[in-house]
Amino acid sequence: AQSVAQPEDQVNVAEGNPLTVKCTYSVSGNPYLFWYVQYPNRGLQFLLKYITGDNLVKGSYGFEAEFNKSQTSFHLKKPSALVSDSALYFCAVRDWTGRRALTFGSGTRLQVQP
Amino acid sequence: DARVTQTPRHKVTEMGQEVTMRCQPILGHNTVFWYRQTMMQGLELLAYFRNRAPLDDSGMPKDRFSAEMPDATLATLKIQPSEPRDSAVYFCASGLVVGGSNYGYTFGSGTRLTVV
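These numbers were taken from a predicted model, which means no experiment stands behind them. (Residues numbered from 1 in each chain as written. Chains lettered and ligands numbered in written order. Predicted model: local features only at pLDDT ≥ 70, side-chain atom pairs only at ≥ 80, totals over all residues. Heavy atoms only, no water.)

Chemist: I would appreciate a short explanation of the layout of surface pockets in the present structure.
Modeler: Where empty space is left can be seen by rolling a probe of water-molecule size over the atoms. By volume, the largest pocket amounts to about 700 Å³. Along the wall of the largest pocket there are 31 residues; nearest its centre are Gln38(A), Leu88(A), Arg109(A), Gln37(B) and Met39(B). Of all elements in the fold, only strand S10 (87–95) of chain A together with strand S4 (31–38), strand S5 (42–50), strand S9 (88–98) and strand S11 (111–115) of chain B reach the threshold of two or more residues within the lining of the largest pocket. Quantified by volume, the second largest pocket comes out at close to 520 Å³. (1 Å grid on protein atoms, 1.4 Å probe; cavity = no way out; pocket = protein on both sides within 12 Å on 5 of 7 lines; lining within 4 Å. Points joined across faces, edges and corners; volume = space filled by probe spheres on them. Helix = DSSP H or I, 4+ residues; strand = E, 2+ residues; numbered from the N terminus.)

This is the structure we're talking about:
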């Protein structure tokens, strides 16, 4: 079985400060990891993915994520938060075979205060 | 930008009626998912197709839900009969997966279903 845990329902950060949204995963074999963002009344938008290679992955809108195999984590980060980053963030995982679909975490609501 | 198109965007129906949701995946994508999003359950996988063949529909209530891909440009999700507990946002997503490698998945804007 594959699973994703996002331990924080909500993260609050002041504009200009760095942000971290946490994600840990469980999967057989090598993981494919994804971050998606959802704005109100919208679909999910792809931010970034880790397949293989460099543990630090850079994505859209200045976001990046660090893959840590020993801690089975894939935390989302941004050096300087914007109010417009306020949204719902989902971490997702699938196994390398692709025989199973993406499994999503429960989501973390990011609130950036001006 | 290529996009996944879902219709209708909103649907209000009475309990017991049939509901059909449609999805046009991105041209060239060989993988299609249906997910349901609710406040209580989050994002739940309903169905997963690769090259139009169902790979996983274990999350779908089989007594009332059905998912098909009549051709590569159309995926459908039907609920018959619908119930109030089916009220949710239903998302379709498509992607290109070749030999296990993945080039990302694109989500549609969703169909917001309300069953009264």
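Back to the text.
Chemist: What is the right way to look at the interface of chain B and chain A in this model?
Modeler: Where interface size is given, it is often the accessible area lost as the parts come together that is meant. Between chain B and chain A, the contact holds 21 residues from the first and 22 residues from the second. Between chain B and chain A, a total of about 1,600 Å² is buried, with carbon and sulfur atoms accounting for 54% of that surface. Where chain B touches chain A, the interface holds zero salt bridges. At the boundary of chain B and chain A, one finds five residue pairs in polar contact (both at pLDDT 80 or more). Breaking the side of chain B that touches chain A down by element, the ones donating at least two residues are S4, S5, S9 and strand S10 (101–107) of chain B. (Contact = heavy atoms within 4.5 Å. Buried area = accessible area lost by both parts, 1.4 Å probe. Salt bridge = Lys/Arg side-chain N within 4 Å of Asp/Glu carboxyl O. Polar contact = N/O pair within 3.5 Å; in protein donor to acceptor, adjacent residues only side chain to side chain.)

Chemist: Sorry, what's going on with the nonpolar core here?
Modeler: Taken as a class, soluble globular proteins show a tendency for nonpolar side chains to be buried jointly. Residues and elements named next belong to chain A. Judged by nonpolar contacts, the single largest core of 27 residues is most densely connected at Trp35, Leu47, Leu48, Phe74, Leu76 and Tyr89. Where this core is concerned, the elements lending two or more residues are strand S2 (10–14), strand S3 (19–21), strand S5 (31–38), strand S6 (44–50), strand S8 (64–68), strand S9 (73–78), S10 and strand S12 (108–113). Ranked by the residues each element gives to this core, the list is headed by S10, at four residues. Residues within four places of phenylalanine 74 in sequence aside, it is in contact with Cys23, Leu33, Phe34, Trp35, Leu48, Lys49, Tyr50, Val57, Ala65, Glu66, Phe67 and Cys91. (Core = buried A, V, L, I, M, F, W, Y, C linked by side-chain atoms within 4.5 Å. Buried < 20%, exposed > 50% of the residue type's maximum accessible area, 1.4 Å probe, protein only.)

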